[in-house]
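# Descriptive analysis of the structure
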Amino acid sequence: MGLLVDSKDGGGGGGSGKQGSRGGLNSFIRRKQVDSVHVKSGGQQLAKELTIPHLVAIGVGSTIGAGVYILVGTVAREHSGPALAISFLIAGIAAALSAFCYAELASRCPSAGSAYHYTYICIGEGVAWLVGWALVLEYTIGGSAVARGISPNLALLFGGEDSLPAFIARQYIPALDMVVDPCAAILVFIVTGLLCVGIKESTLAQGIVTTANVCAMIFVIVAGTYLGFKTGWAGYELPTGYFPFGVNGMLAGSATVFFAYVGFDTVASAAEEVKNPQRDLPLGIGAALSICCALYMLVSIVIVGLVPYHEMDPDTPISTAFASHGMQWAAYVVTAGAVTALCSSLMGSILPQPRILMAMARDGLLPSFFSDINKRTQVPVKSTITTGIVAAVLAFFMDVSQLAGMVSVGTLLAFTMVAICVLILRYVPPDEVPLPSSLQESIDSVSSWRGRNSHEISEEDPKAYVGSSKESTKPLLDKVDILVELPLIEKQLPFVNYTLSEDKRRKIAGWTIMFTCVGVFLLTYSASDLGLPSFLRYTLCGAGGILLLLGLVVLTCIDQDEARHNFGHTGGFICPFVPLLPIVCILINVYLLINLGADTWARVTIWLLVGVVIYLFYGRTHSSLEDAIYVPAAHADEIFRSSDNYVS
């Protein structure tokens, strides 16, 4: 009785036996195991140096950028009015849905790669590649955009826009018809150098910069509260009331400020470097998100109260709010906060990308150059330097602010995939794992041993054991005592029915998850596209809503898979309110994805098509799963032990 599982019969897909991968569509749906073969075979690993304070510094530093110093004015004037704090609260709750999903997957699958890694484990190689490729775009454009924003704010600290020394000030080059920014490129190189020194050292530097930023925000809160009580909170004494734009305006403001919370995925990308990932990752993500939400809300409460929302300066709302009360010097504190926020956010943008490149190279989808880890610093130095050079060149030559929308695609796509992965993990977790072809001898040995054992047992007592392709010769001791007095045909039927019932449950759950995602897309697309004919729009909206509700009901009624308790590293955080929470998370993120705009999607589509070409001509054929052998998960450890014994 063999252990090999054919890809067309299982949930993962690489192939079976010595034939390896059979190509075609199977390469797109093959899935890797939680701990990559590279790590399990004793390869180079990243340094495990991070604890909860480090993760909080990374999360807060990556999340709180200079945008908060501008968002409060723009969103209050155009959407929320005095209800700005509620907009931040709702956006924080929406971000927390994704954070819950990230927390479970990060503690169960603590390896570098973040959403790319989770997608590869739960969904398949093709989708994982697109997610990883989109994340590469996100961090490249995001880091370059942040770097370009530092020099104007830094110039304000020196007295004005043209106050920086000439060698780092922005210069216009007529021959190229562009404005170059040496300061941005220099800062990128400095951050890259810090990241190459070591994860602990770079995180310490980020913690110091983040502390300075938080202190600036605390100053705004404390000084603003004093002024508010002194002047009577003029911003709340308005005839238009607390919701001048209505509840819809407040919700629109929530959608705008949602992107102020998207830095916590950087924490997940550093999962492999955490000392105790099952405990520290969920606490780090949760603490970072809570601190950011509290700071955002307190700043917005104070600033909206100091100045009526319709009088706010959309570009410098906090500085002008203090200046209107005679505190012009406070502008320097606010500007210093903005500079430190941008520097911390720059570190948070460059930190994850080398680890995603490393994870993709480990899996064979990119050249092995990117997976090399420096033996002394235990950091992927080559990937970090490559990332820094590309980001510095972009920051030096290009004004990438017009490409900022492309950053949101990578973030929201990652959030969506992570929520889907939680549903898959709970209802249809992979029941087979890929092993390298080098273990073929161990697989054959274990398979023949179990086959002989099954034959001997069947001669002694053919009723004691029942075999299947998934559980081979596993004894069904709990069935024997119950059925011992029944005829043979009745002894077999309960087991057959049980097997069919479990297979049917997994099929129903799998199809339900897929149709739920289809329903979410139809509902959000039809609700967002006002150009559709009314009949078609309402039809699609109704169909999507029905699929979504049916999916929620079905997943709520059927049992979750028992294998979820043993999937990955157990003992960590468990996402609550499944399936409701992940489905709501998918709905929110897909809605925001669809509403990013046609220009943004046109640019992203070009990038993704380039990624598809690279995958088809390189990644698919160089994948570490190309010659993998899929075996039932229950037998993987036994095969590894057999391999260790054989080697010893």
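Data block above holds the structure.
Residues numbered from 1 in each chain as written. Predicted model: local features only at pLDDT ≥ 70, side-chain atom pairs only at ≥ 80, totals over all residues. Heavy atoms only, no water.

### So, the overall build of the protein chain
Worth spelling out the cut-off: Strands are runs of DSSP state E lasting at least two residues, helices are runs of H or I lasting at least four, and both sets are numbered from the N terminus onward. Each residue gets one of three labels from its accessible area relative to the maximum for its type: buried under 20%, exposed over 50%, partly exposed in between, using a 1.4 Å probe on protein chains only. Note on contacts: a residue pair is in contact if any heavy atoms of the two residues lie within 4.5 Å. Computed by Shrake-Rupley with a 1.4 Å probe, the accessible areas treat only the displayed protein chains as cover when residues are assessed.
Across its full length, the protein chain holds 24 helices and 4 strands. Relative to its full complement of 648 residues, the protein chain shows a buried share of 53%. Across the protein chain, contacts joining residues at least 24 apart in sequence account for 83% of those joining residues at least 6 apart. In the form shown here, the protein chain has an accessible surface area of approximately 27700 Å², with 65% of it arising from carbon and sulfur atoms.

### Looking at the side chain of Ser269
Selection criterion: Pairing of N or O atoms within 3.5 Å defines a polar contact, subject to two protein rules: one partner must be a possible hydrogen donor and the other a possible acceptor, and residues neighboring in sequence count only if both atoms are side-chain atoms.
You can see Ser269 is positioned in helix H11 (residues 265-269). Side-chain polar atoms of Ser269 contact the backbone oxygen of Thr266, separated by 2.6 Å. Apart from the residues lying within four places of it in its own chain, the contact partners of Ser269 are Ala112, Gly113, Ser114, Pro352 and Arg355.

### Quick look at the environment of Glu502
Examined against the element boundaries, Glu502 turns out to sit in helix H20 (residues 488-528). As for Glu502 and Asp559, which are separated by 57 residues in sequence, their C-alpha atoms are 9.8 Å apart.

### So, the pairing of strand S3 (residues 432-435)
Stated precisely, the cut-off is as follows: Two strands pair if DSSP finds at least two bridges between them.
Taking every second residue as pointing to the same face, both faces of S3 are buried, with Glu432 and Pro434 on one and Val433 and Leu435 on the other. Taken together, the 4 bridges between S3 and strand S4 (residues 629-632) define a ladder with antiparallel strand orientation. Each bridged residue has a counterpart across the sheet, and for Leu435 the counterpart in S4 is Ile629.

### A closer look at the nonpolar core
The line we're drawing: Take the buried residues of types Ala, Val, Leu, Ile, Met, Phe, Trp, Tyr and Cys, join any two whose side-chain atoms come within 4.5 Å, and each joined set is a nonpolar core.
Within the largest apolar cluster, 159 residues are counted, with the highest numbers of intra-cluster contacts made by Tyr102 and Ile303. Residues in contact with Tyr102, not counting those within four places in the same chain, are Ser114, Ala115, Tyr118, Phe264, Asp265, Ala268, Ile285, Ala414, Phe415 and Val418. Counting 9 residues, the second-largest nonpolar core is a separate cluster that includes Ile443, Val446, Val631 and Ile639.

### Description of the packing of helix H7 (residues 125-157) against helix H15 (residues 352-362)
Applicable threshold: Angles shown run from 0 to 180 degrees and are taken between the N-to-C directions of axes, each axis being a line fitted to C-alpha atoms and, for helices, limited to the stretch in contact. Throughout, the term roughly parallel applies to angles under 35 degrees, roughly antiparallel to angles over 145, roughly perpendicular to angles from 65 to 115, and oblique to all others. Throughout, a crossing is termed right-handed when the near helix is turned clockwise from the far one, and left-handed when it is turned anticlockwise from it by less than a right angle.
At a closest axis distance of 9 Å, the pairing of H7 and H15 adopts a crossing angle of 155 degrees. The pairing of H7 with H15 is recorded here as roughly antiparallel in orientation. As for the relative orientation of H7 and H15, their crossing is left-handed in sense. In contact with Trp129, Gly132, Trp133, Leu135, Val136, Tyr139 and Thr140 of H7, H15 contributes Pro352, Gln353, Ile356, Leu357 and Met360.

### Details of helix H3 (residues 52-63)
Basically, it comes down to this: Helix span, expected: 1.5 Å multiplied by one less than the number of residues in the helix.
For H3, with 12 residues, the first-to-last C-alpha span of 16 Å sits near the 16 Å given by 1.5 Å per residue. Most of H3 is tucked away: 10 of the 12 residues are buried. Of the positions making up H3, those classed as buried are His54, Leu55, Val56, Ala57, Ile58, Gly59, Val60, Gly61, Ser62 and Thr63. Contacts from the buried residues of H3 go to helix H9 (199-231), H11, helix H12 (277-306) and helix H14 (330-350).

### Describing the packing of aromatic side chains
Put simply, the rule reads: Pairing of aromatic rings covers Phe, Tyr and Trp, the last through its six-membered ring, and needs centres within 6.5 Å; plane angles under 30 degrees mean stacked, over 60 mean edge-to-face, and all others mean tilted.
Tallied over the full model, the rule gives 25 aromatic pairs. The interplanar angle of 15 degrees and the centroid separation of 5.4 Å between the aromatic rings of Trp129 and Trp133 together place this pair among those described as stacked. With Trp129 and Trp133 both in helix H7 and 4 residues apart, the pair spans about one turn of that helix. For Trp133, a relative accessible area of 10% puts it in the buried group. Put simply, the rings of Tyr102, Tyr118, Phe258, Phe259, Phe264 and Phe415 touch in pairs and so form one group of aromatic residues.

### A few points about the packing of helix H5 (residues 84-108) against H12
Angle between the axes and distance between the axes: these two values describe a pair of packed helices. To be explicit about the condition: Gly falls in the polar group here, along with every residue not listed as nonpolar (Ala, Val, Leu, Ile, Met, Phe, Trp, Tyr, Cys, Pro) or charged (Asp, Glu, Lys, Arg).
Contact geometry of H5 with H12 gives a least axis separation of 10 Å together with a crossing angle of 175 degrees. Compared by their axis directions, H5 and H12 come out roughly antiparallel. Residues Leu84, Ala85, Phe88, Leu89, Gly92, Ala95, Ala96, Ala99, Tyr102, Ala103, Ala106 and Ser107 of H5 form the contact with H12, whose own contacting residues are Pro277, Gln278, Leu281, Pro282, Ile285, Leu289, Cys293, Tyr296, Met297, Ser300, Ile301 and Val304. Split by residue class, the contact of H5 with H12 holds 20 nonpolar, 4 polar and no charged.

### So, the pattern of salt bridges
The condition that has to hold: A carboxyl oxygen of Asp or Glu within 4 Å of a side-chain nitrogen of Lys or Arg is what we treat as a salt bridge.
This model, assessed by the stated rule, comprises 14 salt bridges. With a shortest N-O distance of 3.0 Å, Arg30 and Glu125 are connected by a salt bridge. In this pair, Arg30 sits in the loop between helix H1 (26-29) and helix H2 (37-40) while Glu125 sits in helix H7, placing the two residues 95 residues apart along the sequence. The same class applies to Arg30 and to Glu125, which are both buried. Taken together, the salt bridges that share partners define one network made up of Asp431, Glu502, Arg505, Arg506 and Asp561.

### Details of the environment of Ser107
Within the fold, Ser107 resides in helix H5. Residue class for Ser107 comes out buried when judged on its relative accessible area of 0%. Within polar-contact distance, the side chain of Ser107 engages the backbone oxygen of Ala103 at 3.0 Å.

### Looking at helix H16 (residues 381-397)
For the record, the criterion: Of all possible arcs, the one meant is that of the directions from the helix axis to the C-beta atoms.
When the terminal C-alpha atoms of H16 are compared, their 24 Å separation across 17 residues agrees well with the 24 Å that a helix rising 1.5 Å per residue should span. Taken as a whole, H16 has its buried residues at Val381, Ser383, Thr384, Thr387, Gly388, Ala391, Ala392, Leu394 and Ala395. All buried residues of H16 project into a common sector of 165 degrees when viewed along the axis, lining one side. For H16, the secondary structure elements touched by its buried residues are H7, helix H8 (182-197), H14 and H15.

### Notes on a nonpolar patch on the surface
Under the convention used in this document: The patches described consist of residues with a relative accessible area above 30% and no salt bridge, like charges being joined within 9 Å and nonpolar side chains (Val, Leu, Ile, Met, Phe, Trp, Tyr) within 5 Å.
Taken together, Leu25, Phe28, Ile29, Leu130, Val612, Val613, Leu616 and Phe617 make up a surface patch of nonpolar side chains, about 720 Å² in accessible area. Mapped by element, the contributors of at least two residues to the nonpolar patch are H1 and helix H23 (598-622). By residue number, the principal contributor to the nonpolar patch is H23, which donates 4 residues. For Leu130, the location among the structural elements is in helix H7.

### Brief notes about the state of the cysteines
Applicable threshold: The definition used for a disulfide is geometric: two cysteine sulfur atoms within 2.5 Å.
Per the counting criterion, the structure on display carries 0 disulfides. No disulfide involves Cys122; its nearest neighbouring cysteine sulfur is the one of Cys421, lying 4.3 Å away. Look at Cys122 and you get buried, because its relative accessible area is 2%.

### A few points about the environment of Val418
Relative to the elements of secondary structure, Val418 occurs in helix H17 (residues 404-427). Between the alpha carbons of Val418 and Ala99 there is a distance of 9.6 Å; along the sequence they are 319 residues apart. If we skip the residues at most four places from it in the chain, Val418 touches Cys101, Tyr102, Leu105, Ala115 and Tyr118.

### Points about unusual backbone geometry
Between Val578 and the following residue, Pro579, the backbone shows a cis peptide bond with an omega angle of 15 degrees. Phi is positive for Gln378, which is not a glycine, with a value near 55 degrees. Tracing the backbone shows Gln378 in the loop between H15 and H16. A positive phi angle, close to 55 degrees, is found at Phe577, a residue other than glycine. Its location among the elements puts Phe577 in the loop between helix H21 (534-557) and helix H22 (580-594).

### Re the side chain of Gln206
Looking at the secondary structure, you find Gln206 in helix H9. With a relative accessible area of 2%, Gln206 lands in the buried category. If sequence neighbours within four positions are ignored, Gln206 has contacts with Ala57, Ile58, Gly61, Ser62, Ser344, Met347 and Gly348.

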